[in-house]
Each structure stands twice: as C-alpha cells, then as structure tokens.
Amino acid sequence: MNKVAIYLHPQVFSAEKPLTEINFTKFSYPYYNQVREALAYALSDYPIVPLKKANINDYLTVHSPEYFHKINLMANNQSLDAISLSLPELSTECRGMLSAIDLMKEGKLDRAYCFSMVGHHSHKNWGHGYCLLNPQAAAVKYAQSQGFRKVLIVDWDIHHGDGTQSIFADDKNTYCVSIHHAMDLYMAKISDLKAGTT
C-alpha cells in the first residue's frame, strides 16, 4: 500500500490582519480557502504532513539577497539604511513541502499532496500576481539538496508559472510543465489583447 499524506493546514491562509478586514474580489483567498476546506474534508482519512521550520536560507536558494532587501523595505516601510535580512514566519506552504520531502527521503512517505496558495509568478529578483516568494521552487531546491536528482514540476493553474520556469530555465535536472489558460492575462501584452492576437 502506498504511503500518502496531505498538507492542507489552515495556516496556508494566514495574513497579518483578519481576512474579514481585507477587501477580496472574485477568485482570491476566500474562494481558495473554501477549496482547501473541501479538500481537507474529502481527504480527512489521510495522515497530515507535520510542519517543518523554513528559514531564509531555504529561499535564498531561489531568490537573491537583494530581492529580500526590497521585500523588507516594502513590508516595513523602511529606508535603505535601516534594513535587516529577516522575514516573519516564512511561507507556510514551503514548510509543508519541506516536511514531506524529509519524510520521503526517510522512506515514510511515497507521495504527499501539499496545498499551496501562491508563488509561481515569483522570479529570482522580482514577483507579480500576488507572488512575492516561490515556495515551490524553494522546495525543489531543498529536494535536490537531499539527494532527489530529477524533479518534475506540474503547475496546474489558470496562469503560466513564469517565475518557476525562469528559476529553473538552466537546470537540466528540473522539468517544468505549466498547464494554463490559452490567454494568460499576466503574460499577454496589452497591445495583443486589444488586437485579439493572443
């Protein structure tokens, strides 16, 4: 029998202020939290992947120190001379994936389903589409550091996983497949949209 676990922790949807105080629109956090809750209910018979602490070094395998510097400035509204290279509790999504990788390496798991909210639009030095950090990319680098030689990333989303693709563009041991809508509004040029050529 396959050893399978899930990672659908509510912490994936944590924010600095209560979600009721944030004005969300359309398919955003509240909708995806409902998806997470439905999946957690449907998959409740499976064991849960425990949290593992993630730190800045896990993210520095895919993001530059300069990029963290910019994020800190944005988050803390600080000037360039008043910055420290630290972030609050780093991306819960990454913590679940790192834990799943450890359990697979130990032979305790064959597979894990880890629900992740955002990340695939985050490049090495910049991000867009609500993606500041790329937990999936950090998890892949962690897996490689733990001896997993080849990694397949299947990104199934309405948008192209351009950040993840760019991070691994020169990595011959990582293969990225992005399944997305024919018209990716994040990647299309406005002139193409107006002309209907996308």
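Everything numeric in this text was worked out from a predicted model, so none of it was measured.

## Some words on the nonpolar core
- By size, the foremost hydrophobic cluster in this structure holds 22 residues, and its most contacted members are Tyr59, Cys94, Leu98 and Phe168.
- Looking at this core, the elements with two or more residues in it are helix 2 (56-59), helix 3 (65-76), helix 4 (92-105), helix 5 (135-145) and strand 3 (151-156).
- In terms of residues, this core owes the most to one element, helix 5, which gives six residues.
- Beyond its immediate sequence surroundings of up to four residues, Leu98 is in contact with Lys52, Ala54, Asp58, Ala139 and Tyr142.

## Quick notes on the environment of Asn55
- Within the element layout of this structure, Asn55 appears in the loop between helix 1 (29-42) and helix 2.
- For Asn55, a relative accessible area of 35% puts it in the partly exposed group.
- Sequence separation between Asn55 and Cys94 is 39 residues, and the spatial gap between their C-alpha atoms is 9.6 Å.

## A short note on helix 5
- Every buried residue of helix 5 is accounted for by Pro135, Ala137, Ala138, Ala139, Val140, Tyr142 and Ala143.
- In the stretch just after helix 5, Gly147 is the one whose phi turns positive, near 105°.

## Quick word on a nonpolar patch on the surface
- Side chains of Leu152, Val154, Trp156, Tyr175 and Ile179 sit close together on the surface and give an oily, nonpolar patch of about 640 Å² of accessible area.
- Those elements that provide at least two residues to the nonpolar patch are strand 3 and strand 4 (174-179).
- Ranked by residues supplied to the nonpolar patch, first place goes to strand 3 with three residues.

## Some thoughts on the side chain of His120
- As for its placement among the helices and strands, His120 is situated in the loop between strand 2 (111-114) and helix 5.
- Looking at His120, the relative accessible area reads 10%, which means it is buried.
- When neighbours within four sequence positions are excluded, His120 is seen to be in contact with Cys131, Asn134, Gln136, Asp155, Asp157, His159, His160, Gly161, Asp162, Gly163 and Thr164.

## Considerations on the confidence of the model for the protein chain
- Of all residues in the protein chain, 77% have pLDDT values of 70 or greater, and the mean over the chain is 79.
- Confidence, read as mean pLDDT per element, is least for helix 7 (residues 190-195) in the protein chain (49) and greatest for helix 5 (94).
- For residues 80-89, every residue scores under 50 in pLDDT, and the model assigns this stretch 20 contacts once sequence neighbours within four places are set aside.

## As for the environment of Tyr142
- Note that Tyr142 resides in helix 5.
- Setting aside residues no more than four positions away along its own chain, Tyr142 makes contact with Lys52, Asp58, Leu98, Ile101 and Asp102.

## Remarks on the pattern of salt bridges
- A full pass over the atoms with the stated rule returns three salt bridges.
- For Asp102, the salt bridge is made with Lys52, and the minimal N-O distance between the two is 2.9 Å. Here Asp102, found in helix 4, pairs with Lys52, found in the loop between helix 1 and helix 2; they are 50 residues apart in sequence, far enough to count as distant.
- Looking at Lys52, the relative accessible area reads 26%, which means it is partly exposed.
- For Lys108, the salt bridge goes to Glu106, with nearest N and O atoms at 3.2 Å.
- Judged by its relative accessible area of 53%, Lys108 is exposed.

## A closer look at helix 3
- With 12 residues, helix 3 extends 16 Å between its outermost C-alpha atoms, agreeing within 8% with the 16 Å of an ideal straight helix rising 1.5 Å per residue.
- Every buried residue belonging to helix 3 is among Tyr67, Phe68, Ile71, Asn72 and Leu73, and all of these are buried.
- On its buried face, helix 3 sits against helix 2.

## A few points about the pairing of strand 1 (residues 4-7)
- Of the two faces of strand 1, both are covered, the one formed by Val4 and Ile6 as well as the one formed by Ala5 and Tyr7.
- Judged from the four bridges that link them, strand 1 and strand 2 form a sheet pairing that is parallel. Among the inter-strand pairings, Ala5 is bridged to a residue of strand 2, identified as Ala112.

Calculation criteria
Residues numbered from 1 in each chain as written. Predicted model: local features only at pLDDT ≥ 70, side-chain atom pairs only at ≥ 80, totals over all residues. Heavy atoms only, no water. Core = buried A, V, L, I, M, F, W, Y, C linked by side-chain atoms within 4.5 Å. Buried < 20%, exposed > 50% of the residue type's maximum accessible area, 1.4 Å probe, protein only. Helix = DSSP H or I, 4+ residues; strand = E, 2+ residues; numbered from the N terminus. Contact = heavy atoms within 4.5 Å. Patch = residues over 30% accessible without salt bridge, like charges linked within 9 Å, V, L, I, M, F, W, Y side chains within 5 Å. Areas by Shrake-Rupley, 256 points an atom, 1.4 Å probe, with all protein chains shown as cover. Salt bridge = Lys/Arg side-chain N within 4 Å of Asp/Glu carboxyl O. pLDDT = per-residue confidence, 0-100. Expected span 1.5 Å × (residues − 1). Pairing = 2+ DSSP bridges.

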